[in-house]
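Listed here are the chains, written in short residue letters.
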Amino acid sequence: MKKIKDNLIEELESGNKEYSKKNKNIFKKFLKGQSPKIAILTCSDSRVIPEYIFNKSIGELFVIRVAGNIALDSTVIKSIEYGVDHLKVSHLIILGHTNCGAVKASEETNDEKDVLFNEIKESFILDPDNHFRANILRQLNMLPKRSKIINNKIKNKKLTLIGALYNLKDGQVDFFID
Ligand SMILES: [Zn+2]
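For the structure given in this document, a descriptive report is provided here. Remember, it's a predicted structure, so these values are computed and weren't measured experimentally.

Here's the deal with the nonpolar core
So, step 1. Counting 29 residues, the largest nonpolar core has Ala39, Ile40, Leu41, Ile80, Val84, Leu92 and Leu95 as the members making the most contacts within it.
So, step 2. Elements with a contribution of two residues or more to this core: strand 1 (38-42), strand 2 (61-65), helix 4 (74-86), strand 3 (91-97), helix 5 (101-108), helix 6 (115-123), helix 7 (131-146) and strand 4 (160-166).
So, step 3. Ranked by residues supplied to this core, first place goes to strand 3 with four residues.
So, step 4. Those residues in contact with Ile80 that sit more than four places away from it in its chain are Ala39, Leu41, Ile64, Ala71, Leu92 and Ile150.

Below, the structure written as structure tokens:
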């Protein structure tokens, strides 16, 4: 196959070279495996980067990113369960964010067949004044109902499930702690 390069790929290649050089001492440490303590379910939004937000590095966060940070289908739930059950993270954070496009689109759609938007819409009743927060609250409620593994870990006090809202305006995270 002929190799076709464009500017964006070249940009990625040079960025990757820098990354590889900068972190060369860290790779060896994680070659045999990973043991992050924290799993994060967050949005695919390019402005929401958990490793940057929490000042963490390679091997420290087990991250699942999906539009609207919802755990609805089995692949997303299985991914989280891998972190919880296999890697044995002690904390699972559902990290939503302000101005989330998936939440905003859900406010406008009337398409009843759209599973993603419907899932987010269901949450609005939980906080009618702040749908970004409401969306996180629903996932906090639903995740243990959708996953026996997660439910059991919480019951046995092996896992702390917590919500958090990232503010795009100032980069600050509010944890839902009562
Ligand atoms: Zn989003």
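Structural notes on the environment of Ile149
So, step 1. Position of Ile149 relative to the elements: it lies in helix 8 (residues 148-155).
So, step 2. Judged by C-beta crowding, with 17 C-beta atoms within 10 Å, Ile149 ranks as partly exposed.
So, step 3. Filtering out sequence-adjacent residues up to four positions away, Ile149 remains in contact with Glu81, Val84 and Asp85.

Focus: the sheet that holds strand 4
So, step 1. One open sheet holds the five strands; their spatial order is 2-1-3-4-5, and the pairing between them is mixed. The two strands at the open ends of the sheet, each matched to only one other strand, are strand 2 and strand 5 (173-175). Adjacent strand axes in the sheet meet at a mean angle of 25° when their direction is disregarded.
So, step 2. Note: strand 1 against strand 2, five bridges, orientation parallel. The residue of strand 2 that forms the bridge with Ala39 is Phe62.
So, step 3. Lying over the sheet, helix 7 contacts strand 3 and strand 4, oriented at roughly 165° with respect to strand 4.

Definitions and limits used
- Residues numbered from 1 in each chain as written.
- Predicted model: local features only at pLDDT ≥ 70, side-chain atom pairs only at ≥ 80, totals over all residues.
- Core = buried A, V, L, I, M, F, W, Y, C linked by C-beta atoms within 7 Å.
- Buried ≥ 20, exposed ≤ 12 C-beta atoms within 10 Å, placed from the backbone.
- Helix = DSSP H or I, 4+ residues; strand = E, 2+ residues; numbered from the N terminus.
- Contact = placed C-beta atoms within 7 Å.
- Pairing = 2+ DSSP bridges.
- Axes fitted to C-alpha atoms, helices over the stretch in contact; angles between N-to-C directions.

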